[in-house]
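Results of the structural survey
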Amino acid sequence: MIYKKRTHTCGELRLADENKNITLNGWVSKKRDLGGLLFIDLRDRYGITQLNIHPSKKDVYDKAEKLGNEFVISVTGKVIKRESINKNIATGDIEIDVDVLEVLNESLVPPFVIEEDVKASDELRLKYRYLDLRRKSVTDNLIVRSRVYNIIHRYFEKHNFLEIETPILMKSTPEGARDYLVPSRVHKGKFYALPQSPQIYKQILMLSGIDRYVQICKCFRDEDLRADRQPEHTQIDLEMSFVTQDDVFEIIEGMFHAIWKEIKNIDLTIPFKRMTYDEALQTYGIDKPDLRIKGDVKIENITEVVKGSEFKVFNDVIESGGMVAGIKLSGQEVSRKTIDGLTEFIKKLGFGGFGYLKYNADGTVQSPMTKFLSEEIIANIKKAFNANDSDTVFILSGEKKKVLLALGQLRLKLAEDFKLRDETKFEFVWITDFPLFHYDEEAKKFESEHNIFTSPKDEYLKFMDSRDVKEVESIRANCYDIVLNGFELASGSIRINKPEVQKKVFDMIGMSDDEAKMKFGFMLDAYTYGAPPHGGAGIGLDRIIAILCGLKSITDTIAFPKTLKASSLMDECPSEVSKEQLDELGIEISKKE
RNA sequence: GGAGUCGUAGUUCAGUUGGUUAGAACGCCUGACUGUCACUCAGGAGGUCGCGAGUUCGAGUCUCGUCGAUUCCGCCA
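Residues numbered from 1 in each chain as written. Chains lettered and ligands numbered in written order. Predicted model: local features only at pLDDT ≥ 70, side-chain atom pairs only at ≥ 80, totals over all residues. Heavy atoms only, no water.

With that settled, the discussion passes to the side chain of Asn141. Take Asn141: it is sitting in helix H4 (residues 136-158). Each residue touching Asn141, except ones within four places of it in the same chain, is listed here: Ile545, Cys549, Leu551 and Asp556. (Helix = DSSP H or I, 4+ residues; strand = E, 2+ residues; numbered from the N terminus. Contact = heavy atoms within 4.5 Å.)

This is the structure:
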């Protein structure tokens, strides 16, 4: 096909280009026919330029009148200054006085109008994703994503990392999430798994002396989805040898600094804040605290303060080893209606309700608990929270962890309802020292909190042979997360590199030698040939892009996302396959009852 | 696996207590219009009310099932 190729893009021309003879290629975005005078907005991914079709050029005008939206055209003409300028678009000072118009392709009427303020449902947008991607707001996300890839590649290259691809077809391991399986034709009845992450490969690369590895890779998990969970997501995967936790932190902090500098022109403060898991839980009631929340909205343990009160609810809880704790809301008007709403919220979390103390501006105290609590205790609670008049304190009592988690949720709810988040901030924080194991009451056994290669901190090695729940659950790991604005962005650990420690972990979670050998034999073998100390992390790229683009969901950071039922509405996958294909694989589909 | 919400014109939605011919806006088509940029104005076409049963004299509306989208819990790093 021969046509006039563009000399400029649709976002490029300015008043300085006046009188230039140029050619543009693009899509008809909008036609405004004033009868005799015809304007066309021509769109490409760079922007929009207005075309002016003058009736004196009859053949051009006749052609232009027949154009529909989304027709692909090539126009040649002169850049002229507009009579009435449009301040809303970058090219708004000029327009093109069109001399030649070629239709490169026609278009059906699109199922929805392609405009920034799109009215179509998500379902329709996904079905016609190619049309949705013509919208600037979606394209812009992909542009940010592309730039971030580029920054990452450059950053790790500069720091001497090797970018190494690991297999997409790998061995299925039943630990962690459910695997996506791929049947083998050559080995009928056997299956590959798609990687949940390249964890095992990257650790093996460390044994190979690769020393610094990075990869931007796809990870697959066949689990039920949520708004911000896709069946395949992208991870910045890295691993380093001869390092401590601090070395890993430094590299990752540098990466975030580089990304924020280049994309947002923001100088992030590094090193990031650090907080242990226990501190996060006790202060914020969650392992991914949102530190953008203004005011002193923290959890205070007031078990000791209310000891010896007349209040039976508190006394029962304290007697059974529980806790009384609360959070403070500063300087907000708390109405009866607010209390009712919050009570409803707390009930959903499995509590009967909560107590509250409203310290009024006039010095009086409003609370359903005044008749049970002495003036002294009420004053001491105020002191414990460092509360002022016009502050409100919400109090929960019960089993310790349950109270903390509920107050954590209440904190987020208050932040939402009273708009306490400073949306301009990027609050990074490392959460460290996670527990290594937890006891599963149902299965009656210990389970790994993180992946099974995470190393225990040296000072807890003494508990690795214990089976006392308290002792085992007290073991802390060389394990860390990066949390940004309440979202977990990255997770990693210093790995176990001594076979005898690894064996203790397997023992703890009840995995026999035979079982371990079957599942990870090759890996355990590898670790007997001189494994260097090493550690790393996996960083969620989709979520980083979502935050950089101000999106709530990761869907629009991905060119072709899937729905919550893991299907793609555009190409209609997954789909059935032919009997021949199944026969080749030796697979039969069992009939549903 | 469980719970909730939604599904009506090409699109986004309205549709009263179950009652005559299912409406609006945008889009689309036709016509008019020389400075629009959400152009304006006049006219027109366009419906398997997701699908399948049931209740009823009568179902877009009520019930059950099913499919799809979506939100949450379980699950998942």
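Lining the immediate surroundings of RNA strand B are 41 residues, of which Asp33, Gly35, Glu223, Asp224 and His450 lie closest. Of what RNA strand B places within 4 Å of the protein, 51% of the atoms are sugar or phosphate. Leu34 is positioned with one of its backbone polar atoms (N or O) 3.3 Å from a base oxygen of RNA strand B. In this structure, a base oxygen belonging to RNA strand B sits 3.4 Å away from a side-chain N or O atom of Glu83. No other element matches the 3 residues that strand E1 (residues 21-33) contributes to the surface near RNA strand B. Residues that form the surface near RNA strand B fall into these classes: 13 nonpolar, 13 polar and 15 charged. (Near = heavy atom within 4 Å. Polar contact = N/O pair within 3.5 Å; in protein donor to acceptor, adjacent residues only side chain to side chain. Nonpolar A, V, L, I, M, F, W, Y, C, P; charged D, E, K, R; others polar.)

On the basis of which strands lie adjacent, the open sheet formed by 5 strands has the order E12-E13-E16-E14-E15 and antiparallel pairing. The sheet terminates laterally at strand E12 (299-301) and strand E15 (365-366), the two strands that pair on one side only. Pairing of strand E14 (residues 355-359) with strand E16 (residues 391-398) involves 5 bridges; the strand directions are antiparallel. When the bridges of E16 are listed, Gly355 appears paired with Ile395. Taken strand by strand, helix H12 (residues 400-417) contacts E12, strand E13 (323-329) and E16, and its axis lies near 10 degrees from that of E13. (Pairing = 2+ DSSP bridges. Axes fitted to C-alpha atoms, helices over the stretch in contact; angles between N-to-C directions.)

Now for the pattern of salt bridges. Within the structure shown, the criterion is met by 45 salt bridges. Close ionic contact of Asp132 with Arg135 constitutes a salt bridge, the shortest N to O distance being 2.6 Å. Across the pair, Arg135 and Asp132 agree in class, each one buried. Across the pair Lys562 and Glu232 runs a salt bridge whose closest N-O atoms are separated by 2.9 Å. Of this pair, Lys562 sits in the loop between helix H16 (541-548) and helix H17 (579-585) while Glu232 sits in strand E10 (residues 232-241), and the two are 330 residues apart along the sequence. (Salt bridge = Lys/Arg side-chain N within 4 Å of Asp/Glu carboxyl O. Buried < 20%, exposed > 50% of the residue type's maximum accessible area, 1.4 Å probe, protein only.)

Next up on the list: the packing of aromatic side chains. The final tally for this structure, using the stated rule, is 20 aromatic pairs. Aromatic side chains Phe256 and Phe428 sit 5.1 Å apart centroid to centroid with 55 degrees between the ring planes, which places their arrangement in the tilted category. With Phe256 in helix H6 (residues 245-264) and Phe428 in strand E17 (residues 428-432), the pair connects residues that are 172 residues apart, well separated along the chain. An identical accessibility class is assigned to Phe256 and Phe428; each is buried. Through successive ring pairs, a cluster of aromatic residues spans Phe256, Trp260, Phe272, Phe426 and Phe428. Across the ring face of Phe351, the terminal group of Lys402 is positioned such that the distance to the ring centre comes to 5.0 Å. (Phe/Tyr/Trp six-rings, centres within 6.5 Å; stacked < 30°, edge-to-face > 60°. Lys NZ or Arg CZ within 6 Å of the ring centre and 35° of its normal.)

Its 23 residues give H4 an end-to-end C-alpha distance of 33 Å, which sits within 8% of 33 Å, the value for a rise of 1.5 Å per residue. Along H4, the residues classified as buried are Val138, Thr139, Asn141, Val144, Arg145, Val148, Ile151, Ile152, Tyr155 and Phe156. Contact partners of the buried residues in H4: helix H2 (122-127), helix H3 (129-132), strand E9 (212-220), E10, H6 and H16. (Expected span 1.5 Å × (residues − 1).)

The next subject is the pairing of E14. Burial analysis of E14 places 5 of its 5 residues in the buried class, the great majority of the element. Neither face of E14 is open: one carries Gly355, Leu357 and Tyr359, the other Tyr356 and Lys358, and all of them are buried. Note that E14 and E15 share 2 bridges and pair antiparallel. Note that in E15 the partner of Lys358 across the bridge is Gln366. Between E14 and E15, which pair antiparallel and follow one another directly, the connecting turn spans 5 residues, one of which, Gly363, has a positive phi of 95 degrees.

Here we come to the domain arrangement of chain A. Domain boundaries in chain A define domain 1 (15-105), domain 2 (139-243 + 251-259 + 449-564) and domain 3 (293-417). Each of domain 1 and domain 3 was reduced to a C-alpha centroid, and the two centroids are 64 Å apart. (Domains from an automatic or database assignment.)

Attention now moves to the nonpolar core. In this structure, Phe394 and Phe437 are the most contacted members of the largest nonpolar core, which totals 62 residues. For this core, the element with the highest residue contribution is H12, accounting for 7 residues. Here this core gathers at least three residues from each of two domains, domain 2 (139-243 + 251-259 + 449-564) and domain 3 (293-417). Within the second largest apolar cluster, 38 residues are counted, among which are Val148, Ile151, Phe161 and Leu268. (Core = buried A, V, L, I, M, F, W, Y, C linked by side-chain atoms within 4.5 Å.)

This brings us to unusual backbone geometry. Most peptide bonds are trans, and most residues other than glycine sit at a negative phi. Cis geometry is found at the peptide bond from Ile270 to Pro271, where omega equals -5 degrees. Summarising the element assignment, Pro271 is placed in the loop between H6 and strand E11 (273-276). Here the amide bond leading from Cys573 into Pro574 is cis, since omega sits at 5 degrees, within 30 degrees of zero. Mapped onto the fold, Pro574 is located in the loop between H16 and H17. With phi around 55 degrees, Phe242 is a residue other than glycine that occupies positive phi space. The topology assignment puts Phe242 in the loop between E10 and H6. A positive phi angle, near 50 degrees, is found at Lys419, a position not held by glycine. Inspection of the secondary structure puts Lys419 in the loop between H12 and E17.

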